[in-house]
Amino acid sequence: MASSIVIRRNQHNIRCFGRTLVTSTHHHLSSLLNPSSSVLPSSEMLTRVSDGLIPQSKPVVSLIGQKYGALSLYNRYLCTKPETPKLKNLIEDAGKSKENGGETDDSSSHQQQQTDQNARKSVRGAPVSWLSFFLLLVTGGGVLYYFEQEKKRHIEGIHKASTAVQQGPSAGKANIGGEFKLVNQDGKYVTDKDFKGNWNLIYFGFTHCPDICPDELIKLSAAIDKIKEKSGYEIVPIFISVDPERDTVEQVGEYVKEFHPKIIGLTGTVDEVKKAARAYRVYYMKTEEEGSDYLVDHSIIMYLMNPEMEFTKYFGKNENVDSLTDGIIHEVKMYSQSKSLFARLFNL
């Protein structure tokens, strides 16, 4: 603080000294041109100095001589002003600092050095440096990327699990299948026991069906041929009529031959057909009846029965030939593996 006051005062003195020289030179030239004019300051100026309004100071030039003795008065008039109490106190503090051998300057310098050291320490000893901040960003970004990838994998897994065709037996057995007694296309009564020992694929329909039944029987016929080619498994296709009033033995026999020679066609009385349909949880009902011309609304499902004539899996209308083929092959393989494992465990 004191050093700044001294600097400002010295700058002020330099400016005043310049103004003093300019003013003195002007008066000197005026006296040369006009000897009658006086180079001394006016009486008003002298009165202000004698009254103490302008404090006395040392002459700027003391060896100029009597002719230039007024230079000191010019200096006092142009370069001084009454000292205010605040300015006087600051000057006294500066003088005390000088008298104390520059202790204040040393103290200020010491404080400045201490401040710089503290600033350096605050930078070096900051709780988070640039390196640690960079490592934090890298680590945080890596963690976020990892969790985003895990989230995507989880979502993809859920999507695949929901859209993929589920193979293998379901948990527990559905109460589908049971005893039935119907007539085949040769006019002979057969029961569910006559089909044991073979894999059977059963479909319920009627011979007057305009489009759904033909499409499903074409798909069934293609699938059993493809299963034979790919795996060698023999699948017995069975067609059971849900229209016993119109589907006679002869009608059913002629109908199934149009699709595949191995399809077994079954029909019977109203009660016999109803019992079989109930055992397999098949829905059917007459619609749009106009005399003898009507349609039958029914379930569009194929039932895969194992050699024990137990329900294994069903296949709906949305299956194509390839998915039906692969699904049946998979079920047969799983059944064979479980049987062989059971036999090894019990030494059968």
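Look above for the structure.
Structural notes, computed from the coordinates. The shown structure was predicted, so the numbers you read here are calculated from the model rather than taken from an experiment.

Counting buried positions over the 7 residues of strand β4 (residues 235-241) gives 7, a clear majority of the element. Of the two faces of β4, both are covered, the one formed by I235, P237, F239 and S241 as well as the one formed by V236, I238 and I240. Pairing geometry for strand β3 (residues 199-205) and β4, over 7 bridges, is parallel. Bridging across to β4, I202 finds its partner in I238.

Across 3 bridges, the pairing between strand β1 (residues 181-184) and strand β2 (residues 189-191) is antiparallel. Across the sheet, the residue bridging to K181 is T191, located in β2. The antiparallel pairing of β1 with β2 creates a hairpin that spans 4 residues between the two strands, and G187 there sits at a positive phi of about 85°. One ladder, built from 2 bridges, connects β1 with strand β5 (residues 264-267); its direction is antiparallel. Following the sheet pairing, N184 is matched in β5 by L266.

As a further point, take a nonpolar patch on the surface. Taken together, the side chains of W130, F133, L136 and L137 make up a nonpolar region of the molecular surface, amounting to roughly 520 Å² of accessible area. Within the fold, F133 resides in helix α6 (residues 130-163). By relative accessible area, F133 is classed as partly exposed at 38%.

Before going further, it helps to spend a moment on the sheet that holds β4. If you walk across this open sheet you meet the 7 strands as β2-β1-β5-β4-β3-β8-β9, and the pairing is mixed. Of all the strands in the sheet, the pair left with one neighbour each is β2 and β9 (311-315). Between one strand and the next, the sheet's axes are offset by a mean angle of 35°, whatever the strand orientation. One ladder, built from 4 bridges, connects β3 with strand β8 (residues 302-305); its direction is antiparallel. Its bridge partner lying in β8, N200 is registered against M305. Strands in contact with helix α7 (residues 212-231) are β3, β4 and β8; relative to β3, the strand with the most contacts, it is inclined by about 170°.

Attention shifts here to helix α9 (residues 270-279). Of the positions making up α9, those classed as buried are E272, V273, A276, A277 and A279. Projection of α9 onto a plane perpendicular to its axis shows the buried side chains occupying an angular sector of 160°, all on one side. Set apart from the buried face of α9 by more than 90 degrees, the exposed residues are D271, K275 and R278. One or two residues past the end of α9 sits R281, with phi positive at roughly 55°.

The next subject is the state of the cysteines. Summed over the entire model, instances satisfying the criterion amount to 0 disulfides. There is no disulfide at C209, and the cysteine sulfur nearest it, in C213, is 3.2 Å away. Classification of C209 as buried rests on a relative accessible area of 10%.

Turning next to the packing of aromatic side chains. Scanning the entire structure with this criterion turns up 9 aromatic pairs. Pairing F204 with Y280 gives two aromatic rings, centres 5.8 Å apart and planes at 50°, and the pair type is tilted. Taken as a pair, F204 in strand β3 and Y280 in the loop between α9 and β6 (284-290) lie far apart in primary sequence, 76 residues in all. For Y280, a relative accessible area of 0% corresponds to the buried category. Taking 6.4 Å as the distance between ring centres and 85° as the angle between the ring planes, the aromatic pair formed by F204 and Y303 counts as edge-to-face. In this pair, F204 sits in strand β3 while Y303 sits in strand β8, placing the two residues 99 residues apart along the sequence. Exposure remark for F204: the relative accessible area of 1% places this residue in the buried category.

In total, this model carries 9 salt bridges according to the counting rule given. Linking R153 and E150 is a salt bridge whose minimum nitrogen-to-oxygen distance equals 2.6 Å. In this pair, R153 and E150 are both assigned in helix α6, 3 residues apart and thus about one turn of the helix distant. Owing to a relative accessible area of 48%, R153 belongs among the partly exposed residues under this scheme.

Reading the values: rules and limits
Residues numbered from 1 in each chain as written. Predicted model: local features only at pLDDT ≥ 70, side-chain atom pairs only at ≥ 80, totals over all residues. Heavy atoms only, no water. Buried < 20%, exposed > 50% of the residue type's maximum accessible area, 1.4 Å probe, protein only. Helix = DSSP H or I, 4+ residues; strand = E, 2+ residues; numbered from the N terminus. Pairing = 2+ DSSP bridges. Patch = residues over 30% accessible without salt bridge, like charges linked within 9 Å, V, L, I, M, F, W, Y side chains within 5 Å. Areas by Shrake-Rupley, 256 points an atom, 1.4 Å probe, with all protein chains shown as cover. Salt bridge = Lys/Arg side-chain N within 4 Å of Asp/Glu carboxyl O. Axes fitted to C-alpha atoms, helices over the stretch in contact; angles between N-to-C directions. Contact = heavy atoms within 4.5 Å. Arc of directions from axis to C-beta. Disulfide = S-S within 2.5 Å. Phe/Tyr/Trp six-rings, centres within 6.5 Å; stacked < 30°, edge-to-face > 60°.

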